[in-house]
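# Architecture at a glance
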Amino acid sequence: MEETPTLPADHRELISDLSGIVSDHPCADPESTLAALADDTTEALGREATPEGRWERTG
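What counts, and where the lines are drawn
Residues numbered from 1 in each chain as written. Predicted model: local features only at pLDDT ≥ 70, side-chain atom pairs only at ≥ 80, totals over all residues. Heavy atoms only, no water. Helix = DSSP H or I, 4+ residues; strand = E, 2+ residues; numbered from the N terminus. Buried < 20%, exposed > 50% of the residue type's maximum accessible area, 1.4 Å probe, protein only. Lys, Arg positive; Asp, Glu negative; His and termini not counted. Salt bridge = Lys/Arg side-chain N within 4 Å of Asp/Glu carboxyl O. Contact = heavy atoms within 4.5 Å. Patch = residues over 30% accessible without salt bridge, like charges linked within 9 Å, V, L, I, M, F, W, Y side chains within 5 Å. Areas by Shrake-Rupley, 256 points an atom, 1.4 Å probe, with all protein chains shown as cover. Axes fitted to C-alpha atoms, helices over the stretch in contact; angles between N-to-C directions. Parallel < 35°, antiparallel > 145°, perpendicular 65-115°, else oblique. Left-handed = near helix turned anticlockwise from the far one by under 90°. Nonpolar A, V, L, I, M, F, W, Y, C, P; charged D, E, K, R; others polar.

### Some details on the side chain of Asp17
Position of Asp17 among the secondary structure elements: in helix α1 (residues 9-22). Notably, Asp17 is buried but unbridged: the nearest opposite-charge side chain belongs to Arg12, and the N-O separation is 12 Å. Leaving out residues up to four positions away in the same chain, Asp17 has contacts with Cys27, Ala28 and Thr33.

Below, the structure written as structure tokens:
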């Protein structure tokens, strides 16, 4: 039986920060938050064809 993927704590924090930016109530620095999200996205795209990448997309 496969384990259900969970969202890492640092990703939950980035999502919260992004939500604040979108809502125009940032609680974090928008520039560094967006840079971190862009870095995570670049890394995830590099894993797209791997088992880890498939697992991430299901989460």
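### Topic: the side chain of Thr33
As for its placement among the helices and strands, Thr33 is situated in helix α2 (residues 30-46). When its relative accessible area of 4% is taken as the criterion, Thr33 is described as buried.

### Topic: a nonpolar patch on the surface
A contiguous nonpolar surface patch, about 260 Å² in accessible area, is contributed by Leu18, Val22 and Leu34. Structurally, Leu34 can be placed in helix α2.

### Quick look at the packing of α1 against α2
Put simply, α1 and α2 touch, their axes get as near as 10 Å, and they point 130° apart. In terms of axis orientation, α1 runs oblique to α2. When the axes of α1 and α2 are compared, the crossing they make is left-handed. For the pair α1 and α2, contact is made by His11, Leu14, Asp17, Leu18 and Ile21 and by Pro30, Thr33, Leu34, Ala36, Leu37 and Asp40, respectively. For the contact of α1 with α2, the residue count by class is seven nonpolar, two polar and two charged.

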